[in-house]
Amino acid sequence: MARIIILFVILFVSLSEVEAISFKITNRCRNTIWPGFLSGATSPPLPTTGFRLSRGKSKSVTIPPSWSGRLWARTLCSQDPTSRSFSCLTADCGSGKVECSGSGAKPPATLAEFTLNGTGGLDFYDVSLVDGYNLPMLILPKKIVLGGCGATGCLVDLNGACPRDLKLLAPGRRGGVACRSACEAFGDPRYCCSDAYATPDTCQSSVYSLFFKHACPRAYSYAYDDKTSTYTCATGADYVIIFCPPPYTSEKLLGSRKDGATLPLVNKSMIHLQ
Ligand SMILES: *[C@@H]1O[C@H](CO)[C@@H](O)[C@H](O)[C@H]1NC(C)=O
Ligand SMILES: *[C@@H]1O[C@H](CO)[C@@H](O)[C@H](O)[C@H]1NC(C)=O
């Protein structure tokens, strides 16, 4: 009997040590989206690198421990009837297929960035608009822990409100389909935090990055916008990533979470822009 119990204990301990976590990806957008994943260079591969997700549907993806990488969602995708090549008007990964197979998103794209089990056994995650914006996104850790595991995201639809110089237009589509970063639009080192501006002291926010920051106070708006944009959670948490979260979700979250995250998820003064 004792032996069986010990066996169970060993089995349980070893199982919980290697236990993978999951990302639940949810599409609350009006249309189909095609999420894409890119693993970091030293990161274990994922069971999928891209898939189709219909409106209202969710899909859980098993994530190996200590994974790092990014995910996004492609929009307005189609397959060419003659070449059979698959491509998207925003955030295309250029693989010609629904699976991204090691290719990243073509900007502009709203990115979710993760480093699981990083420094100090913490998960680090953020929503980044450094490569522009194409969809509203919310990262929601399933654990709620005092002093950590805050929700982050960019909940405002910025495609309509996007400054004219940054707007990505598509033939036959009214309004913009995405919003470029100033770096991509103008290639100026000042906006890209490159060359003489490659340090936190020399690269400052700009009128363009402030447009993103004011709408989405928790999201990265330019490369060195670290202080208010990186979130942490004790490792082992599962995450829900919602594309186009309904606005009332944010109200509920803000009301129920006392995690010390003082910044609002969405700047209410920007809601009228939608
Ligand atoms: C986190 O990483 C450390 C090594 O850096 C490893 O020993 C530990 O098992 C990892 N924890 C999880 C939950 O993956
Ligand atoms: C909200 O937006 C307004 C107007 O753009 C801006 O002045 C204010 O600083 C923003 N608030 C936050 C928390 O970003």
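Fair warning: this is a prediction, and the values are worked out from it, not measured in the lab.

### Quick word on the state of the cysteines
- According to the stated counting rule, one finds 8 disulfides in the structure shown.
- Across a sulfur-sulfur distance of 2.0 Å, Cys149 and Cys233 are joined as a disulfide pair. Here Cys149 and Cys233 share a disulfide; its torsion about the S-S bond, 80°, makes the bridge right-handed. Of the two residues, Cys149 is situated in the loop between strand E8 (137-141) and strand E9 (152-154) and Cys233 in strand E12 (residues 231-234); the sequence distance between them amounts to 84 residues.
- At a sulfur-sulfur separation of 2.1 Å, the disulfide partner of Cys183 is Cys192. Handedness of the Cys183-Cys192 disulfide follows from its S-S torsion of about 100°: it is right-handed.
- Taking relative accessible area as the criterion, Cys183 reaches 25% and is therefore assigned partly exposed.
- Classification of Cys192 as partly exposed rests on a relative accessible area of 22%.

### Points about the sheet that holds strand E1 (residues 21-27)
- As summarised here, the arrangement of the 5 strands in space is E3-E1-E13-E8-E9, forming an open sheet in which the pairing is mixed. Taken across any chain shown, the strands that pair with only one partner, and hence form the sheet edges, are strand E3 (58-63) and E9. Neighbour to neighbour, the strand axes of the sheet diverge by 15° on average, direction disregarded.

### Considerations on the site of ligand 2
- The local shell around ligand 2 consists of Lys213, His214, Asn267 and Ser269.
- With respect to ligand 2, the side chain of His214 contributes an N or O atom lying 3.4 Å from an oxygen atom.
- If ligand 2 stood free it would expose 370 Å²; the protein chains cover 51% of that surface.
- Partitioning the shell around ligand 2 into residue classes produces no nonpolar, 3 polar and 1 charged.

Rules used in this analysis
Residues numbered from 1 in each chain as written. Chains lettered and ligands numbered in written order. Predicted model: local features only at pLDDT ≥ 70, side-chain atom pairs only at ≥ 80, totals over all residues. Heavy atoms only, no water. Disulfide = S-S within 2.5 Å. Helix = DSSP H or I, 4+ residues; strand = E, 2+ residues; numbered from the N terminus. Buried < 20%, exposed > 50% of the residue type's maximum accessible area, 1.4 Å probe, protein only. Pairing = 2+ DSSP bridges. Axes fitted to C-alpha atoms, helices over the stretch in contact; angles between N-to-C directions. Near = heavy atom within 4 Å. Polar contact = N/O pair within 3.5 Å; in protein donor to acceptor, adjacent residues only side chain to side chain. Areas by Shrake-Rupley, 256 points an atom, 1.4 Å probe, with all protein chains shown as cover. Nonpolar A, V, L, I, M, F, W, Y, C, P; charged D, E, K, R; others polar.

Just distances and angles here, no functional claims.
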